[in-house]
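# Report on the structure
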Amino acid sequence: MQPSTIGRMLRRGQSKLQAVDFFCGAGGMSFGLSKAGVKVLAGIDNATECKKTYEANIPGAKFVKRDISTLTAPELARRLKIQIDDPALVFAGCSPCQCWSKIRTDKTKAAQTAFLLRQFEKFIRYFRPGFVVVENVPGLHTRKKQTILPDFIGFIERLGYAWDDGIINANNYGVPQNRMRYLLIATRLASTITLPAPVVDKRLTVSAFIGVANGFGEITAGHRDTSEFQHTACKLSPDNLRRIRMTRKSGGDRSAWKDDETLQIDAYRGRDEIFRDVYARMYWDRPAPTITTRFNSLSNGRFGHPEEDRAISIREGATLQTFPEDFVFHGTNLNNIARQIGNAVPPELARRIGQHIISIASNG
């Protein structure tokens, strides 16, 4: 099928782009692409905890639980019945990114995930899909001398792909967070390509998504919601309860209790200028900070509720990631679920990526 043919078929509604979501996690990219009108065939990930979440929320898509380094392209072709040189095929690769993140992590463990783009290459080389999408932390781009990104771009160029990339803020793509990400989109259906155009929307604030007016009843720290809404908040120690009660509503930080000898933390004594977001509250009238894998913990960033004396709940974090209310997360504990949410591509960002590639496929 030639690119011009797939474009005509898409315009007539006789065909759909089909996607395989590598490193799919809980399914943020898959969910968003499907909402754009892309048929998601499968998500591939070796994380057992993501399987139930993915299968429960991405109808019709398979969850392939495999380490990508042990999965072969011919095996994937057999399992998904996908063809080589199919212009309607989309490969999304949003690999684990701890090694290039600003957040302090176990770099030894993270190094194991640092070069997963190389494993992604073998599938692109074998299938030559119509589109390739890569989403990751900005460090993949800003630390080029230490990453394989230049090699990856050279690789897709040699295969005949046009591409565009850059650092984007998800807040300009429908997400109520200041979430900086690296995005690359490549295609062999057109001679040039651009990223989706950013759209500044000042309405994308915390107050527009969470709070009582948006269906989030007031709860206290340690509240357990046994319903599928999952409005559950972590417990706080007595000292942390005192800390957040002293912290100004909507944007307050730990400067409110820095002079209290019983509450000040040794690491910050006389160092009030560092890590100002730790133990802080979100602002009602601003976008949220990046929702990380530890967003449910008050001590891991500006994750205090703007008004209530607690960290934001599991559902509030998911909502700020643009997951809908009926997207139910499954996991063995709260931290496990928070990790699935924080690691996900925001579905609304993915939906706009999907719309963009459909437009390119349709119009050339």
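For the structure, check the block above.
Quick caveat: nothing in here was measured; it's all calculated off a predicted structure. (Residues numbered from 1 in each chain as written. Predicted model: local features only at pLDDT ≥ 70, side-chain atom pairs only at ≥ 80, totals over all residues. Heavy atoms only, no water.)

## Notes on the pattern of salt bridges
Rule in force here: For this analysis, a salt bridge means a side-chain nitrogen from Lys or Arg found within 4 Å of a carboxyl oxygen belonging to Asp or Glu. The secondary structure listing takes helices from DSSP runs of H or I that are at least 4 residues long and strands from runs of E that are at least 2 residues long, numbered from the N terminus. Summary of the burial criterion: residues with accessible area below 20% of their type's maximum are buried, those above 50% are exposed, and those between are partly exposed, where the area comes from a 1.4 Å probe applied to protein chains only.
Scanning all chains against the criterion turns up 23 salt bridges. In this structure, K51 and E55 form a salt bridge, with 3.0 Å as the shortest nitrogen-oxygen distance. In this pair, K51 and E55 both sit in helix α3 (residues 48-57), four residues apart, roughly one turn of the helix. With a relative accessible area of 32%, K51 lands in the partly exposed category. Take E55: its relative accessible area is 39%, and that puts it in the partly exposed class.

## Brief notes about helix α2 (residues 28-36)
How we decide: Whether two residues touch is decided by their heavy atoms; if any such pair falls within 4.5 Å, the residues are in contact.
Of all nine residues in α2, seven are buried, a share of seventy percent or more. Buried residues along α2 sit against β1 (18-22), β2 (39-45), α3, β4 (89-93), β5 (131-136) and α12 (347-363). G37 sits one or two residues past α2 and shows a positive phi near 110 degrees.

## Concerning the pairing of strand β7 (residues 180-187)
Note on strand geometry: in a regular strand, side chains alternate between the two faces of the sheet. To keep it simple, the criterion reads: By this definition, two strands are paired if DSSP reports at least two bridges between them.
Counting buried positions along β7 gives seven out of eight residues, so the element sits mostly inside the fold. Bridging between β5 and β7 involves six bridges; their strand directions are antiparallel. Within β7, the residue paired with V134 across the bridge is L184. Where strand β6 (residues 162-169) and β7 come together, eight bridges link them in antiparallel fashion. Across the sheet, D165 pairs through a bridge with L184, a residue of β7.

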